[in-house]
Amino acid sequence: QVECQGVKDTVYTGFAAVALSLNGVDFTPGPMQYIYYFQPPVLSLYPDSGPARGGTRMHIIGDGFIFLTPFPPSCKFTCIHDRGKSIVMPARYLNNTLLVCTTPNVSAWFADSEMSVDAIVEISLNAQQFTELEALVFTFYVDPTITRAEQSERGNNIVVNGGEPVTVYGRK
C-alpha cells in the first residue's frame, strides 16, 4: 500500500492520471484516473423533520453538486447524542443544486421517553468522503396516535359550519 498526497482545496473538478514508480524513472503502465472535485456547499434541507419510521423525501439544496459515475451520491444521518449511530442512504442527483434522499428508519435510536431525536445530515458525491458540516440537522419524531377528537363547544363530533374549536387527544 502506498499513500500519495491528492489534489487539495481545489475549486476545479477534473481527472488526474495516477501512476506509480519505485525508482522515479519506470512508471506503472496505463495510469488510472483519479477524480477530484471541490466539495460543494450544502445550504439547506427541506423538510427538516419527519417520522422516526423514515420514508420522508428530503431535498438537499446546495451549489455545485456533480454526478460521478459509478459512485452514486449518498446521505449520512448521524445521531447527535450518540455519534456511533449513523445510517447511510442512497441519494438521487437531480441537478447541480438539488439532491433527494429518503430518510431511514431510526426508531431504534429512541429511548422510551423521547419524542424526537436530532441527526446531523452529511452528503457524499463519491460514496467515500462526506461533508464535515454540523449545521444541517434533521429532526426525527415519534408518530403520535390520535385516540379521539371532540368539538369543544357542542360536546359531539359533528361540525356544523366549521370554524369551531376541536380538541384532539392522543398518545405517543
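The structure we're discussing is the one just above.
An account of the accompanying structure is given in this report.

Rules used throughout
- Residues numbered from 1 in each chain as written.
- Predicted model: local features only at pLDDT ≥ 70, side-chain atom pairs only at ≥ 80, totals over all residues.
- Heavy atoms only, no water.
- Helix = DSSP H or I, 4+ residues; strand = E, 2+ residues; numbered from the N terminus.
- Buried < 20%, exposed > 50% of the residue type's maximum accessible area, 1.4 Å probe, protein only.
- Contact = heavy atoms within 4.5 Å.
- Areas by Shrake-Rupley, 256 points an atom, 1.4 Å probe, with all protein chains shown as cover.
- Phe/Tyr/Trp six-rings, centres within 6.5 Å; stacked < 30°, edge-to-face > 60°.
- Lys NZ or Arg CZ within 6 Å of the ring centre and 35° of its normal.

Take the overall build of the protein chain next. When its secondary structure is counted, the protein chain shows zero helices and 12 strands. Secondary structure elements of the protein chain occur, N-terminal to C-terminal, as β-β-β-β-β-β-β-β-β-β-β-β. Of all 172 residues assigned to the protein chain, the portion counted as buried reaches 29%. Considering only contacts in the protein chain between residues 6 or more positions apart, those separated by 24 or more positions represent 55%. Of the roughly 11,200 Å² that the protein chain leaves accessible, carbon and sulfur atoms contribute 53%.

As enumerated under the stated definition, the model contains five aromatic pairs in all. Consider the rings of F77 and F138, whose centres lie 6.3 Å apart with planes at 80°: the pair is edge-to-face. Remark: F138 occurs in strand β10 (residues 137-141) and F77 occurs in strand β6 (residues 74-79); sequence separation between them is 61 residues. Residues W109 and F140 carry aromatic rings whose centres are separated by 6.3 Å and whose planes lie at 80° to one another, so their mutual orientation is edge-to-face. Remark: F140 occurs in strand β10 and W109 occurs in the loop between β8 (98-102) and β9 (116-124); sequence separation between them is 31 residues. Residue class for W109 comes out buried when judged on its relative accessible area of 10%. Taken together through their ring pairs, the aromatic side chains of F77, W109, F138 and F140 make up a single cluster. If you follow K76 out to its NZ or CZ, it ends over the ring of F130, 4.7 Å from the centre. The residue whose ring lies beneath R148 is Y169, and the NZ or CZ to ring-centre distance is 3.9 Å.

Geometric values such as these leave the question of function open.
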